[in-house]
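Geometric and topological summary
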Amino acid sequence: MQQVQAVVALAKGEPVQLATINVPDPGPGEAVVEVQACGVCHTDLHYREGGINDDFPFLLGHEAAGVVESVGPDVTGLEPGDFVVLNWRAVCGDCRACNRGEPWYCFATHNATQKMTLAEGDLAGTELSPALGIGAFAEKTLVAAGQCTKVDPSARAAAVGLLGCGVMAGLGAAINTGNVGRGSTVAVIGCGGVGAAAIAGAALAGAARIIAVDIDDRKLETAKRMGATHTVNSTEVDPVEAIRSLTPPPDGTGHEGGADVVIDAVGRPETWKQAFYARDLAGTVVLVGVPTPDMTVPEIPLIDVFGRGGSLKSSWYGDCLPSRDFPMLVDLYQQGRLDLDAFVTEEIGIGDVEAAFEKMHGGTGSEAVLRSVVVLR
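This section reports on the structure supplied with the text. What you see is a predicted model, and the numbers here were worked out from it, not measured in a lab. (Residues numbered from 1 in each chain as written. Predicted model: local features only at pLDDT ≥ 70, side-chain atom pairs only at ≥ 80, totals over all residues. Heavy atoms only, no water.)

Things to note about the environment of Ala97
In plain terms, the rule: The secondary structure listing takes helices from DSSP runs of H or I that are at least 4 residues long and strands from runs of E that are at least 2 residues long, numbered from the N terminus. The rule is simple: take the accessible area with a 1.4 Å probe, protein chains only, and divide by the maximum for that residue type; under 20% is buried, over 50% is exposed, in between is partly exposed. Note on definitions: a residue-residue contact is assigned when non-hydrogen atoms from the two residues lie within 4.5 Å.
Counting through the fold element by element, Ala97 comes out in helix 2 (residues 96-99). According to the relative accessible area criterion, Ala97 is buried, its value standing at 0%. The spacing of Ala97 and Gly349 is 252 residues in sequence and 40 Å in space, taken between C-alpha atoms. Ignoring sequence-local partners within four residues, the contact set of Ala97 consists of Glu102, Pro103, Tyr105, Cys106 and Phe107.

Here it is, written out as C-alpha cells:
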C-alpha cells in the first residue's frame, strides 16, 4: 500500500478537498496507474453535488491518461510502463450483450475489487467511492486492468485522456450511435465539451451540414472551429425553425425538413423535445446529455412519435468499445486529423479543481471552457 495526494468530495455540495489517500497494491485483475493528466468533467461536479448518488466520500476524476506502475496476479496484456487511457467500460466478455457481439452495451463492466481509503484525520480508513470506478484526481489510482487501454505513448496525456469520458461520448454520439456518414445533415444542441466533440465527430464522418445550437456565442464560436458549418443562438430564434430552414426538403415533397441526425448534448426535456421536432422524417434523435433523475419525457402526442418515424436513441459513453476506439482516435489525433488539443482550454494543478468547477458555467473572459485539465506529471 502507498499514500498519495488526491481530490475528494466529503459531503454533498461542499467544496472539494485535497487529501492523503491509501492506494492498495494491485490484487488479481487490478492495476495501479500513475496519473499524468485528468480532465475536469461536469460528471465530477454532479458527484460533488450528490446528483449521481450519495455514496460519499467520493474520489473524483475519471477522464485520465497515465502510465501503469504495477499489475496484480493473473493480469495479461498489460505491464508496468504501458501508457494508457483509463475507461469506465471494462467489458466482462460473458454477459448477454457481450455474447451477442455488442460489448459496448456490456451489463457487467469491471472495476477494482479493493477500495482506496482516506489516510488521515477523523475519517481515516473510510472507503472512497471512485468516480465512475476510476478516481483519477490523484497522483496514483487503483483500477481494474480492463479499464486501462493502451495507446500511442508519444501522445499528449492532457489531450488523449479526455477520450476517457466527454470527448468519447460526443464523438461516439455522432459516429457510433447516430451513424453520421458522408453527406449527412446534423444538428447539435448544446456546445459544451460533449457537444463540441459531437460536432468534431460529425465533421470527421463527412457530414455535409453541421448546425451548432447554444445560448452562448462563445460556445458557438468554438463550435465553428470544431467543424460547425452553421450556428444558431437559441435565445434569439426558435431553434427548431432555424434547423429546419437550414435543412429544407426537396421541392414538392410537402414536409417541413429537418436534420438527418439531431444530438441533444444538454439532456433536458426542453432540448430533447427540440431535437425530436428538428429532425427530418425518419430522422434520428440521439440523447447524450445526461438528465437528472427528476426529469421526465416531455409531453408529445404519440401520433407524432409514430408519424415522424425514425429512431430515438440514448448514447451511453458514445456506444464506444475502448479497446477498439481509443487507439484509433489517438492515431487520428497523431496524424493531425482529429484536434484533441482544441478541447484543452487550460492546464491546472491538482489543487485547482474547485476553481475549475466555477469556470464551467462562467468561462474565462471571451473564451468558453471546454476542459480544464489537471496535469500531475
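A look at unusual backbone geometry
Glycine aside, residues mostly have negative phi, and peptide bonds are mostly found in the trans state. A cis amide bond links Phe56 with the next residue in sequence, Pro57, at an omega value of 0°. Here Pro57 lies in the loop between helix 1 (42-48) and strand 4 (58-59). One non-glycine residue with positive phi stands out, namely Asp74, at about 70°. The exposed category is assigned to Asp74, whose relative accessible area is 60%.

Considerations on helix 6 (residues 217-226)
Inclusion rule: Think of the arc as the fan of directions from the helix axis to the C-beta atoms.
Listed in full, the buried residues belonging to helix 6 are Leu220, Thr222, Ala223 and Met226. The arc that holds every buried residue of helix 6, seen down its axis, measures 160°, which confines them to one face. Along its buried surface, helix 6 packs onto helix 5 (193-205), strand 12 (209-214) and strand 13 (230-233). One or two positions beyond helix 6, positive phi appears at Gly227, with a value near 130°.

Describing the sheet that holds strand 12
Just so we agree on the cut-off: Two strands make a pair as long as DSSP finds a minimum of two bridges between them. As a rule, the C-alpha atoms of each element are fitted with a line to give its axis, helices using only the stretch in contact, and angles between N-to-C directions run from 0 to 180 degrees.
Pairing in this open sheet of 6 strands is parallel, and the strands run 13-12-11-14-15-16 from one edge to the other. Edge positions in the sheet fall to strand 13 and strand 16 (311-314), since each has one partner strand and no second. Taken pair by pair, the neighbouring strands of this sheet meet at an average axis angle of 15°, ignoring direction. Taken together, the 4 bridges between strand 11 (residues 185-189) and strand 14 (residues 259-264) define a ladder with parallel strand orientation. Considered in strand 14, the bridge of Val188 is made with Ile263. Packing of helix 7 (residues 239-246) onto the sheet brings it into contact with strand 11, strand 12, strand 13 and strand 14, and relative to strand 12 it is tilted by some 165°.

Quick notes on the side chain of Thr117
Positionally, Thr117 belongs in strand 7 (residues 117-118). Since its relative accessible area comes to 13%, Thr117 is described here as buried. When near neighbours in sequence (up to four residues on either side) are disregarded, Thr117 contacts Ile21, Asn22, Gly125, Thr126, Glu127 and Leu128.

Remarks on the packing of aromatic side chains
The geometry of two aromatic rings is summed up by the distance between their centres and the angle between their planes. As a reminder of what qualifies: When the centres of two rings from Phe, Tyr and Trp lie within 6.5 Å, Trp using its six-membered ring, the rings pair. Their planes under 30 degrees apart give stacked, over 60 give edge-to-face, and anything left gives tilted.
For the structure on display, the rule yields 7 aromatic pairs. Ring geometry for Phe56 and Phe58: centres 4.7 Å apart, planes at 65°, overall edge-to-face. Given the relative accessible area of 22%, Phe56 is considered partly exposed. Looking at Phe58, the relative accessible area reads 1%, which means it is buried. With 6.0 Å between their ring centres and 85° between their planes, Tyr105 and Trp316 make a pair best called edge-to-face. Taken together, the residues span a long stretch of sequence, with Tyr105 in the loop between helix 2 and strand 7 and Trp316 in the loop between strand 16 and helix 10 (322-334) at a distance of 211 residues. Using a relative accessible area of 26% as the deciding quantity, one classes Tyr105 as partly exposed. Counting every residue linked through ring pairs, the aromatic cluster contains Tyr47, Phe56 and Phe58.

Here's the deal with helix 10
Structurally, the α-helix is built with 3.6 residues per turn, so residues lying three or four positions apart point the same way. Condition: Multiplying 1.5 Å by the helix residue count minus one yields the expected span of that helix.
Here helix 10 spans 17 Å end to end across 13 residues, near enough to the 18 Å set by a 1.5 Å rise per residue. Three or more residues of helix 10 are buried, namely Pro322, Asp325, Phe326, Leu329, Val330, Leu332 and Tyr333. One face of helix 10 carries all of its buried residues, which in axial projection span an arc of 155°. Gly336 occupies a position one or two residues after helix 10 and carries a positive phi of about 80°.

Quick word on the pairing of strand 3 (residues 30-39)
Burial within strand 3 is extensive, with 8 of its 10 residues counted as buried. Judged from the 5 bridges that link them, strand 3 and strand 9 (residues 140-144) form a sheet pairing that is antiparallel. Bridge pairing in strand 9 links Ala31 to Val143. Where strand 3 meets strand 5 (residues 63-71), 8 bridges bridge the pair, whose relative direction is antiparallel. The partner of Cys38 across the bridge, within strand 5, is Ala64. Pairing of strand 3 with strand 18 (residues 371-375) involves 3 bridges; the strand directions are antiparallel. Counterpart to Ala37 in the pairing with strand 18 is Val375.

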